[in-house]
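Take a look at the letters that make up each chain.
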Amino acid sequence: MMKFAKQYLETIEGIELYPIISLLIFFSFFVILFWWVFTAKKDYIQKMSDIPLTDEETENTSKL
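Sequence order sets the numbering: in each chain, residues are counted from 1 along the sequence as written. Per-residue local features are limited, in this predicted model, to residues with pLDDT of at least 70; the limit for side-chain atom pairs, both in listing and counting, is 80 or more; totals at the level of whole chains, interfaces and linings are taken over all residues. Computation of side-chain values covers all heavy atoms of the structure but excludes hydrogens and water.

Elements are defined by DSSP. Helices are runs of H or I of four residues or more, strands are runs of E of two residues or more, and each kind is numbered from the N terminus. In terms of regular secondary structure, the protein chain is built from 4 helices and 0 strands. Each helix and strand of the protein chain, placed in order from N terminus to C terminus, yields the pattern α-α-α-α. Note on exposure labels: buried denotes an accessible area under 20% of the residue type's maximum, exposed denotes more than 50%, and partly exposed covers the range between, all computed with a 1.4 Å probe on protein chains only. Residues counted as buried form 2% of the 64 residues belonging to the protein chain. In this description, accessible areas are obtained by the Shrake-Rupley approach with a 1.4 Å probe, and a residue is regarded as covered only by the protein chains that are shown. If you sum the accessible surface of the protein chain, you get close to 6700 Å²; carbon and sulfur atoms cover 70% of it.

It is worth spelling out the confidence of the model for the protein chain at this point. Considering every residue of the protein chain, the mean pLDDT works out to 83; 84% of them sit at 70 or more. Per-element confidence in the protein chain is highest for helix α2 (residues 17-39), whose mean pLDDT is 94, and lowest for helix α4 (residues 56-63), whose mean pLDDT is 61. The quantity called pLDDT is the predictor's confidence in a given residue, expressed from 0 to 100.

Planes of paired rings set the category: under 30 degrees apart is stacked, over 60 is edge-to-face and the rest tilted, where pairs are Phe, Tyr or Trp rings (Trp by its six-membered ring) whose centres lie within 6.5 Å. On inspection of all chains with the given rule, the structure shows 4 aromatic pairs. Seen from their ring centres, Trp36 and Tyr44 are 6.4 Å apart, and the 85° between their planes marks the pair as edge-to-face. Here Trp36 falls in the partly exposed class, since its relative accessible area comes to 42%. Residue classification places Tyr44 among the partly exposed positions, given a relative accessible area of 41%.

Here it is in structure tokens:
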């Protein structure tokens, strides 16, 4: 099956561009994510990490 797919893909013009674009998108995503992790505010990270531990009812009553 892979032999058929490889043979078919070799006949398509410009197909070699798609793996390069995919690699660039993949690399860009992780570079941006890496940058965001190191520049995120510590208060925001702490708030987000506490979300699973907070009870929604107590959070709503404390705002009132």
